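# Structural features, examined
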Amino acid sequence: MSRFGNIFGLQQMESTVGARIARAATALLFLVIGIVCALVLWAFPRQDRLATERDARLMKTSGTIGSTKVTLRRRRGGGSRWELEAWYRYEVGGRAYRGARIQFHGGSLTFPTEQQVLAARASWADGSPVTVWYDSAEPGNSALDPAWKPVTGLVPWAAGIGLLSLVATYSIARTTLREAQRFPIPPEEITRALRHVRNICMVLAGSAIILLAVHGAPIAFHDLFVKPRLRMAVPLFFWELDVHNGPPTPVSKYRFRPENRQDWVEGRAWRFGRTGLTTM
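The paragraphs below set out a description of the structure included in this document. (Residues numbered from 1 in each chain as written. Predicted model: local features only at pLDDT ≥ 70, side-chain atom pairs only at ≥ 80, totals over all residues. Heavy atoms only, no water.)

## Details of the overall build of the protein chain
- Tallying secondary structure elements over the protein chain gives 5 helices and 11 strands in all.
- Among the 280 residues that make up the protein chain, the fraction classed as buried is 26%.
- Counted over contacts in the protein chain with a minimum sequence separation of 6, partners at least 24 positions apart contribute 62%.
- Here the protein chain displays about 19400 Å² of accessible surface, and carbon together with sulfur accounts for 61% of that area. (Helix = DSSP H or I, 4+ residues; strand = E, 2+ residues; numbered from the N terminus. Buried < 20%, exposed > 50% of the residue type's maximum accessible area, 1.4 Å probe, protein only. Contact = heavy atoms within 4.5 Å. Areas by Shrake-Rupley, 256 points an atom, 1.4 Å probe, with all protein chains shown as cover.)

## Points about the packing of helix 2 (residues 17–55) against helix 4 (residues 155–182)
- For the pair helix 2 and helix 4, the least separation of the axes is 8 Å and the interaxial angle reads 155 degrees. Taken together, the axis directions place helix 2 and helix 4 in an arrangement best described as roughly antiparallel. Crossing geometry of helix 2 relative to helix 4 is assigned as left-handed.
- A class-by-class count of the residues in the contact of helix 2 with helix 4 yields 17 nonpolar, 7 polar and 3 charged. (Axes fitted to C-alpha atoms, helices over the stretch in contact; angles between N-to-C directions. Parallel < 35°, antiparallel > 145°, perpendicular 65-115°, else oblique. Left-handed = near helix turned anticlockwise from the far one by under 90°. Nonpolar A, V, L, I, M, F, W, Y, C, P; charged D, E, K, R; others polar.)

## Side note on the pattern of salt bridges
- All told, the structure shown has 5 salt bridges when counted by the stated rule.
- The shortest N-O distance in the salt bridge between Arg 49 and Glu 53 comes to 3.4 Å. Pair noted here: Arg 49 and Glu 53 are both in helix 2, with a separation of 4 residues, about one helical turn.
- The exposure class assigned to Arg 49 is partly exposed, which follows from its relative accessible area of 43%.
- For Glu 53, a relative accessible area of 37% gives the class partly exposed. (Salt bridge = Lys/Arg side-chain N within 4 Å of Asp/Glu carboxyl O.)

## Quick look at unusual backbone geometry
- The phi dihedral of Asn 260 falls on the positive side, at around 60 degrees, and the residue is not glycine.
- Note that Asn 260 resides in the loop between strand 10 (254–256) and strand 11 (265–267).
- Owing to a relative accessible area of 82%, Asn 260 belongs among the exposed residues under this scheme.

## Quick word on the packing of aromatic side chains
- Considering all chains together, one arrives at 4 aromatic pairs under this definition.
- Relative to Tyr 90, the ring of Tyr 88 lies with its centre 6.0 Å away and its plane at 35 degrees, an arrangement referred to as tilted.
- Judged by relative accessible area, Tyr 88 falls into the buried class, the value being 1%.
- Centre to centre, the rings of Tyr 90 and Tyr 97 are 5.5 Å apart; their planes meet at 15 degrees, and the pair counts as stacked.
- The class for Tyr 90 is buried, based on a relative accessible area of 3%.
- Relative accessible area serves as the criterion here: at 15%, Tyr 97 is assigned to the buried category.
- Just above the ring of Phe 104 sits the side chain of Arg 54; from NZ or CZ to the centre is 4.1 Å. (Phe/Tyr/Trp six-rings, centres within 6.5 Å; stacked < 30°, edge-to-face > 60°. Lys NZ or Arg CZ within 6 Å of the ring centre and 35° of its normal.)

## Considering the pairing of strand 2 (residues 80–92)
- By the bridge criterion, 11 bridges tie strand 1 (residues 58–74) to strand 2 in an arrangement that is antiparallel. Bridging across to strand 2, Ile 65 finds its partner in Tyr 88.
- Two strands pair when backbone bridges link them, and strand 2 and strand 4 (residues 109–111) are joined in this way by 3 bridges, in the antiparallel orientation. Within strand 4, the residue paired with Leu 84 across the bridge is Leu 109.
- Sheet analysis places strand 2 next to strand 3 (residues 95–99), joined by 5 bridges and oriented antiparallel. Residue pairing across strands places Arg 89 opposite Arg 98, the latter belonging to strand 3.
- A loop of 2 residues connects strand 2 with strand 3, the two strands running antiparallel in sequence, and Gly 93 in this loop sits at a positive phi of about 60 degrees. (Pairing = 2+ DSSP bridges.)

This is the structure:
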């Protein structure tokens, strides 16, 4: 038995399908971790290289703050942090753009206290002017702060974790194959496992049918009974358009007069089944 086999408690493997699947799943998990770490080894240096190239192309222009949002994020282990998001507008070459990133390496700013985040938000009041930094080769790529936080320093950690994960994958897989040859699964155990798989597949198929029916029934009802009776009317908004959350979501309340009727009807939905309409 290998050292990794002892570390992960694999000294003895039961001759059951479940035990073999659990062992294979463990090896697959470590393999996925190793692959993710390998991607990090490629992606993080590339991000820093692209950021360095972008710094040479950065230009600045005047923009306007559209809206801001403050969110309290609570940590599981206790404590909290405040997050500030901002949406802004700017023009490049006569074309209008919208941005939502404060920093190129992160869309929002975090603060430890509410006083600090509110002070930062006060400097970016709705409609106030702001300096926008954008990539001259891609004007839609913008931020309010041109600074970039390098991530190449995390590469050694990813290399170490990835190497350990690949070694663990190899060790667990080798141990599993050896013990599978020594202790084959009895035929009755395989039959029992196949019955369980059949039952699980039936439950999943039934759940999928029910889910499709629940979602499809309103659509079918709308197409068959509601859509043929639809008529157009001009709405009269009596609530000012309000915007909340991010991305901005307009909320309204309106009245309209149906055909051949003198009374007004109240509505608030932008689409059938949806009271809000998400926009950028």
